[in-house]
Amino acid sequence: MADTNSLKEQKPQISPIKGKLSWLWSEYSVIIAFIIIFIAASVLSPRFLDMNNQLNILMQVSIIGIVALGMTIVMLSGGIDLSVGSVLVLVGVVTVLALNATGSIWIAVLTAFIVGSIAGFLNGIMVAKGRIASFIATLGMMAAARSIALYIAEGGSISGEVSGFTAIANNNLWIFDYPIIIFLIMTVLVYILMHKTRFGRHVYAIGSNEKAALLSAIRVDRIKIGVYSLAGLLVSIAAIIETSRLNSISSSSSGVQYELDAIAAVIIGGTRMTGGRGKIIGTFFGVLILGILNNMMNLMNVSPHLQGFVKGLIIIIAVVFQKRE
Amino acid sequence: MTTSPFMTMNNIDKSFNGVSVLKKVTFHVAQGEIHALLGENGAGKSTLMNILGGVHPFDNGSIQINGEEVKITNPRAAQEYGISFIHQELNVVSDLRVYENMFLGSEIRTRYGFLKVDEMCQKTNEILAKLGVDIDPKEYVRNLETSYKQLIEISKALLHKSKLIIMDEPTTSLADHEVKRLFGLMNNLKQSGVSIIYISHKLKEIKEVCDRYTVLRDGELVGNGSMEEENLDTITKLMVGKSISQERLIQKHTFGSEVLEVNNLSSPGSFSNISFTLKKGEIAGFTGLAGDGRTELFESLFGYRKTYTGDIKINNQLTKIDHPRKAVKAGLGLVPKDRKENAIIKDLSVIHNMSLSSIGHFERMAFIQDKLEKERFQYYKEKLNIKVHNPRVTIDKLSGGNQQKVIIAKWLEVDTDIIIFDNPTQGIDIGAKQEIYHQIVSLAEQGKAVVILSSEAPEILKICHQIYVMFQGEITASFKGEEVTEDEIMSYATGSKREANEIG
């Protein structure tokens, strides 16, 4: 619980320089954008503000949200991880296998963590030790992980045979479904990790100026491996939720384009593509913005085929605004 | 020598966000002269030049060229009036050929849009011949020395028929022979009627090449005149507002025990057979021309480069260093050269840059405590006289001298026994330079062992007990600091002399 305390201490750190509008915009543009979109949505559709709908949005973004938290760390370090969607599927498939084989939910969850972290660790080794560009390394992982998942599941879906497993994604605490709670807790933990610990500080330093970071006696390789492993671990948490929700995972259609949604949320959240600059809070609101847009288009009966167009537009607008600083 | 002023800036006022940076500055440049624009960092030189180059608008005043009032609203307009700005960071594209760089943005094309390569090469040749240099227009720029890259910028200016060229610290990254070449070139340009505004911190160079000077301090014109009539001390005084001694800053004092012993360190292509020792309280200087291998030597010692052979003993213990982390553990610190590329993390705040290498000092239960960091920074802010209002701004908002002080604070906080300073006063104004020298000397007095790498012999002479001169990767001479002159150092640094016996 020391965590919540240090979070409170963090708050005043953000606001002592208050004053100029331009500063407010450059620091909090994503929150302002969120508020505008939120207000617009509530005006456009009366059903939007309904509590159930709000919780529904949170529920829908929780999986991508957790993946996007990991993506933020990777992108802050100056890299990118294209493999998240495929690794999610691989983790899902292996987790269900472990679940069915052992009948233990705990062993299934542990398996998920291990598979996700190993995939991330391999990404990290390729990037840090192999000096392979992260785009290429994780592109390779993306193809490989999906292929293994398809092979194991013979191209189809596999379902869990242990009854309690679906509780993870479908039970709730008061009005909040577990995935929402997990997403919020992960956001807080990653926030603390990135802003209150040396790991976070070092990730920012590496993303901003890798050579200077190395000359500052930072173990650049280790940090990078840690970054990708952590992203993998977060993907495995998302994979558990995804699998638990329907008690099955499809090796061919689950996790498709998750990397794009996660990257979109990170970019909308104001993290710089080249690293070193960005905030976890930004990603959190980036995820919510994407969720609200999806929700609005559903409420307004926009063709699902057009939703990608709107998403694309929003990403580009977000980047254009960020360029102005 | 005096001719009609080619360019006049009259009573220029400029303020940013209500802070006045130029106050009624008047600045004349005659045709065919080399005019030094002097002042410390933050004196307003860059702002004045950016106004002339059309980057910033001015609030009040006027600019005249050849007696006619002009409005320079953007860099393109400046070019049309014959003004070219050569920035400190050279804007050449290394992966293009010489002629392609020359004509970048103004390529000569046939009416079908294809490039007229032969014509461009020929014109490039003409201009290069005028400047008295012989390079193949089709050579790739990445294969050229830095001074030639500068030359390409100058040629570009000539291609656009510039009458006035602004050079911002052109010699920072040049070796001595390259500086000579540049000065020759500047004199040729002067003969052909081109005016040059020359911005530099190196007063000796200015004395050598400039005709007149203008000094700014805190946004105001504090003096101008002819270079020949003035001695450097007077100008220095004008720049900083007080006189600065050129004397040696160090006292003779007794050194402590030996902390560093290097034996036969070699790295193919960079340096060979380097041996020296360093004691507590000693300041050792390594000097030489650019490319003499000293930076590579100490980057290897610091574990940044791994491919070297030889022994390093720290505190009499044989140490294998293959990562900067191990170097720090063993007691080595390095303030690198080229601050922007190697030292500052521009997206981190001033405080976070200070604490980056010693984060353990500010952690409690694995969490970084902002308060501890802030208090510590306050201490260094006063100790090193770092000028910053809000230390939470990113470090790139600070002037060069203040950035360097933050980096020094970072290494003071790490508190290693041995601190290496590579080119510690690069691009820093005289006032801040003095402060940094005093810090270095006081470090040694506290018992630290210090190594200074610098290509500026006067700097080395000023603060070093022991001086090593390097030439092509070898130590060619070593002297006691008080027993040698700048000329002697130069004769070893250029390879014209060589100490016969091995240095012990």
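Residues numbered from 1 in each chain as written. Chains lettered and ligands numbered in written order. Predicted model: local features only at pLDDT ≥ 70, side-chain atom pairs only at ≥ 80, totals over all residues. Heavy atoms only, no water.

(A) Molecular detail of the overall build of chain B. The secondary structure content of chain B amounts to 17 helices and 22 strands. Relative to its length of 504 residues, chain B is compact, with a C-alpha radius of gyration of 24 Å against a globular reference of 23 Å. Referenced to the eigenvectors of the C-alpha coordinate spread, the extents of chain B come out at roughly 70 × 50 × 50 Å. Taking all contacts inside chain B whose residues are at least 6 apart in sequence as the whole, residues at least 24 apart take part in 65%. (Helix = DSSP H or I, 4+ residues; strand = E, 2+ residues; numbered from the N terminus. Rg over C-alpha atoms; globule rule 2.2 N^0.38 Å. Contact = heavy atoms within 4.5 Å.)

(B) Inspection of the overall build of chain A at higher detail. Broken down by element type, chain A carries 14 helices and four strands. Computed over the C-alpha atoms, the radius of gyration of chain A is 20 Å, within 12% of the 20 Å expected from 2.2 N^0.38 for a compact globule of 325 residues. Overall, the C-alpha framework of chain A stretches about 60 × 55 × 40 Å when taken along its three principal axes. In chain A, buried positions account for 52% of the 325 residues. When contacts within chain A are restricted to residue pairs at least 6 apart in sequence, those whose partners lie at least 24 apart make up 78%. Positive and negative charge centroids in chain A, built from 22 and 14 side chains respectively, lie 12 Å apart. (Buried < 20%, exposed > 50% of the residue type's maximum accessible area, 1.4 Å probe, protein only. Lys, Arg positive; Asp, Glu negative; His and termini not counted. Charge placed at Lys NZ, Arg CZ, Asp CG, Glu CD.)

(C) The environment of S42(A), seen in detail. All names here are of chain A. The residue S42 is located in helix α2 (residues 21-44) in this model. Separated by 181 residues in sequence, S42 and I223 have C-alpha atoms that sit 43 Å apart. The contacts of S42, once residues within four sequence positions are left out, are F48 and L49. Of note is the side chain of S42, whose polar atom sits 2.9 Å from the backbone oxygen of F38. (Polar contact = N/O pair within 3.5 Å; in protein donor to acceptor, adjacent residues only side chain to side chain.)

(D) Inspection of the pattern of salt bridges at higher detail. Inspection of every chain in the model, using the stated rule, returns 21 salt bridges over all chains. The salt bridge involving D221(A) is made with R131(A); its shortest N-O contact spans 3.9 Å. Separated by 90 residues along the polypeptide, D221(A) in helix α11 (residues 220-246) and R131(A) in the loop between α5 (105-128) and α6 (134-152) bring together distant segments of the chain. Overall, R131(A) belongs to the exposed group, its relative accessible area being 57%. For the salt bridge of D415(B) with K448(B), the shortest nitrogen-to-oxygen distance reads 2.5 Å. Linking D415(B) in the loop between α14 (400-414) and β19 (418-422) with K448(B) in the loop between α15 (430-445) and β20 (449-453), this pair joins segments that are 33 residues apart in sequence. (Salt bridge = Lys/Arg side-chain N within 4 Å of Asp/Glu carboxyl O.)

(E) Quick peek at the domain arrangement of chain B. Residue and element names in this part refer to chain B. The domains assigned to chain B are domain 1 (5-240) and domain 2 (255-331 + 417-423 + 446-504). Contacts between the two partners involve four residues from domain 1, matched on the other side by five residues from domain 2. Three residues, A175, D176 and K204, lead the burial of domain 1 against domain 2; their summed loss comes to 71% of the area buried on that side. Here domain 1 and domain 2 share zero salt bridges between them. At the boundary of domain 1 with domain 2, the tally comes to zero residue pairs in polar contact (both at pLDDT 80 or more). (Domains from an automatic or database assignment. Buried area = accessible area lost by both parts, 1.4 Å probe.)

(F) Up close: the nonpolar core. I73(A), L88(A), M194(A), V203(A), I218(A), V227(A) and L234(A) are the most contacted members of the largest nonpolar core, which has 102 residues in total. The residues contacting L234(A), other than those within four sequence positions of it, are I66(A), L69(A), G70(A), I73(A), M186(A) and V190(A). Core analysis: the next-biggest nonpolar cluster, separate from the first, contains 84 residues, I386(B), L443(B), L461(B) and M470(B) among them. (Core = buried A, V, L, I, M, F, W, Y, C linked by side-chain atoms within 4.5 Å.)

(G) Highlighting unusual backbone geometry. Phi at A217(A) is positive, roughly 65°, even though this residue is not glycine. Note on placement: A217(A) falls in the loop between α10 (210-215) and α11. Phi at A366(B) is positive, roughly 70°, even though this residue is not glycine. Looking at the secondary structure, you find A366(B) in the loop between β17 (363-364) and β18 (367-368).

(H) Focus on the pairing of strand β9 (residues 212-217) of chain B. All names here are of chain B. Here strand β3 (residues 34-38) pairs with β9 via four bridges, running parallel. Bridging from a neighbouring strand, L37 pairs with T214 of β9. Strand direction decides the pairing type here: β9 and strand β10 (residues 220-226), joined by six bridges, are antiparallel. Each residue of the ladder has a partner; that of V215, found in β10, is G223. Connecting β9 to the antiparallel partner β10 that follows it, the hairpin turn spans two residues, and D218 within it adopts a positive phi of roughly 50°. (Pairing = 2+ DSSP bridges.)

(I) Fine view of the sheet that holds strand β21 (residues 466-471) of chain B. Residues and elements named next belong to chain B. Spatial strand order, β16-β19-β20-β13-β21-β22: six strands in an open sheet with mixed pairing. Whereas interior strands pair on both sides, the edge strands pair on one side only; in this sheet they are β16 (332-335) and β22 (474-480). Neighbour to neighbour, the strand axes of the sheet diverge by 20° on average, direction disregarded. Where strand β13 (residues 283-288) and β20 come together, four bridges link them in parallel fashion. (Axes fitted to C-alpha atoms, helices over the stretch in contact; angles between N-to-C directions.)

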